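# Structural characterization, general
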Amino acid sequence: MKKNVLLSISLLLLTLTFGSCRRMTENAVRKIRIEAVEDFRLRGLSHAEMVLRIANGTRHTINLDQVELTLLYKERPAITLQLREGIQIKKRTTESLATRWKMEIQALTLLLVARDIRNDDPSQMQVSFRIEGHAGFVHIDVAREKMPLSDFLSIFGITWPELKQQIRTHAENILPQ
């Protein structure tokens, strides 16, 4: 009988702990924002460098070890970006971070994406992503498949017009020279 009571209490405490971690993670996500892409440069056809201004309003330094992001058009990959080196975002700061990315481009699909961007129609665009790292003692492992682009942008507090403005701002650096 005592074993069952102890087991029940242990399971209850474990469940409460997991719920607390989940709430902590959800609260942390709301306090992290990509404020701008300050610079974007293609390095050949398979690499890019971006300077991202990121705000971390949490009380933990965030270390991102692996990030993979795929832009899909009608569920077909258009471009996949993989972070080449881990990054660290210091607690309670807004900072500019230079990041290096490996790219895989599906040129014909990307042309369709460009057409829809010009036509102001993101409805056929989706994002799949995976982020791994840690914040304090909490392990980060977040993945989503085929999320509508607008939902993905809202995670980071970015609107469709802001994204279009960023694309216009960096268009000369996106095209190979």
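Here the structure is a predicted model, which means the values were calculated and not measured.

### Some remarks on the pattern of salt bridges
- Following the criterion strictly, the structure yields nine salt bridges and no others.
- A salt bridge links lysine 146 to glutamate 75; the shortest N-O distance between them is 3.5 Å. You can see lysine 146 sitting in strand E8 (residues 138-148) and its partner glutamate 75 sitting in the loop between strand E3 (62-73) and strand E4 (76-83), a full 71 residues away along the chain.
- For glutamate 75, a relative accessible area of 48% corresponds to the partly exposed category.
- Here aspartate 141 ties to arginine 130 by a salt bridge, and the two come within 2.8 Å at their closest N and O atoms. Linking aspartate 141 in strand E8 with arginine 130 in strand E7 (residues 125-135), this pair joins segments that are 11 residues apart in sequence.
- For aspartate 141, a relative accessible area of 41% translates into the label partly exposed.
- Using a relative accessible area of 37% as the deciding quantity, one classes arginine 130 as partly exposed.
- Here the salt bridges do not stand alone but share partners, grouping Arg130, Glu132 and Asp141 into one network.

### A closer look at a positive patch on the surface
- Residues Lys31, Arg59, Lys91 and Arg92 make up a contiguous surface patch of positive charge.
- Within the secondary structure layout, arginine 59 lies in the loop between strand E2 (47-56) and E3.

### A short note on the pairing of strand E6 (residues 93-105)
- Of the pairings in the sheet, the one linking E2 to E6 comprises 10 bridges and is antiparallel in character. Within E6, the position partnered with arginine 53 by the bridge is serine 96.
- Here E4 runs beside E6; their pairing, made up of five bridges, is antiparallel. By the bridge assignment for E6, threonine 80 is matched with glutamate 104.

### Observations regarding the environment of alanine 55
- If you trace the backbone, alanine 55 turns up in strand E2.
- Non-local contacts of alanine 55, meaning those with residues more than four positions away in its chain, are made with Lys31, Ile32, Arg33, Glu35, Thr93 and Thr94.

### As for the confidence of the model for the protein
- Across the protein, the average pLDDT comes to 81, with 79% of residues at or above 70.
- In this model, residues 2-8 is a region of pLDDT below 50 whose contacts with residues beyond four sequence positions or in other chains number zero contacts.
- This stretch, residues 10-20, has a pLDDT under 50; its non-local contacts, to residues over four places away or in other chains, come to zero contacts.

### Structural notes on helix H2 (residues 107-118)
- Across its 12 residues, H2 extends 17 Å between first and last C-alpha, which sits within 8% of the 16 Å expected from 1.5 Å per residue.
- Every buried residue of H2 is listed here: Thr109, Val113, Asp116 and Ile117. Axial view of H2: buried residues confined to an arc of 105 degrees, hence all on one face. For H2, exposure combined with an orientation more than 90 degrees from the buried face picks out Leu108, Leu111 and Arg118.

### Let's talk about the environment of proline 122
- As for its position among the elements, proline 122 is in the loop between H2 and E7.
- Taking the C-alpha atoms as reference points, proline 122 and serine 150, 28 residues apart in sequence, are found 7.7 Å from one another.

How each quantity is defined
- Here the residue numbering is sequential within each chain, running from 1 through the sequence in written order.
- For this predicted model, a pLDDT threshold of at least 70 governs which residues receive local features, and a threshold of 80 or more governs which side-chain atom pairs are given and counted, while totals over whole chains, interfaces and linings are taken from all residues.
- The basis for every side-chain value is the complete set of non-hydrogen atoms in the structure, without hydrogens or water.
- We define a salt bridge as a contact between a side-chain nitrogen of Lys or Arg and a carboxyl oxygen of Asp or Glu at a distance within 4 Å.
- Secondary structure elements follow DSSP: runs of H or I no shorter than four residues count as helices, runs of E no shorter than two count as strands, and numbering proceeds from the N terminus.
- Any residue under 20% of the maximum accessible area for its type is buried, any over 50% is exposed, and the rest in between are partly exposed; the area is computed with a 1.4 Å probe on protein chains only.
- To count toward a patch, a residue needs a relative accessible area above 30% and no salt bridge. Like charges then connect within 9 Å, nonpolar side chains (Val, Leu, Ile, Met, Phe, Trp, Tyr) within 5 Å.
- Throughout, the Shrake-Rupley method with a 1.4 Å probe supplies accessible areas, and for residues the shown protein chains are the sole cover considered.
- Residues counted as positive are Lys and Arg, residues counted as negative are Asp and Glu, and His and the chain ends are not counted.
- We put the charge of a Lys on NZ, of an Arg on CZ, of an Asp on CG and of a Glu on CD.
- DSSP-based pairing: two strands are paired if at least 2 bridges between them are found.
- The contact criterion used is simple: two residues touch if any of their non-hydrogen atoms lie within 4.5 Å.
- Every residue carries a pLDDT, the predictor's confidence in it, which falls somewhere between 0 and 100.
- Working rule for helices: expected span equals 1.5 Å times residues minus one.
- In this description, one arc is meant: the one made by directions from the helix axis to the C-beta atoms.

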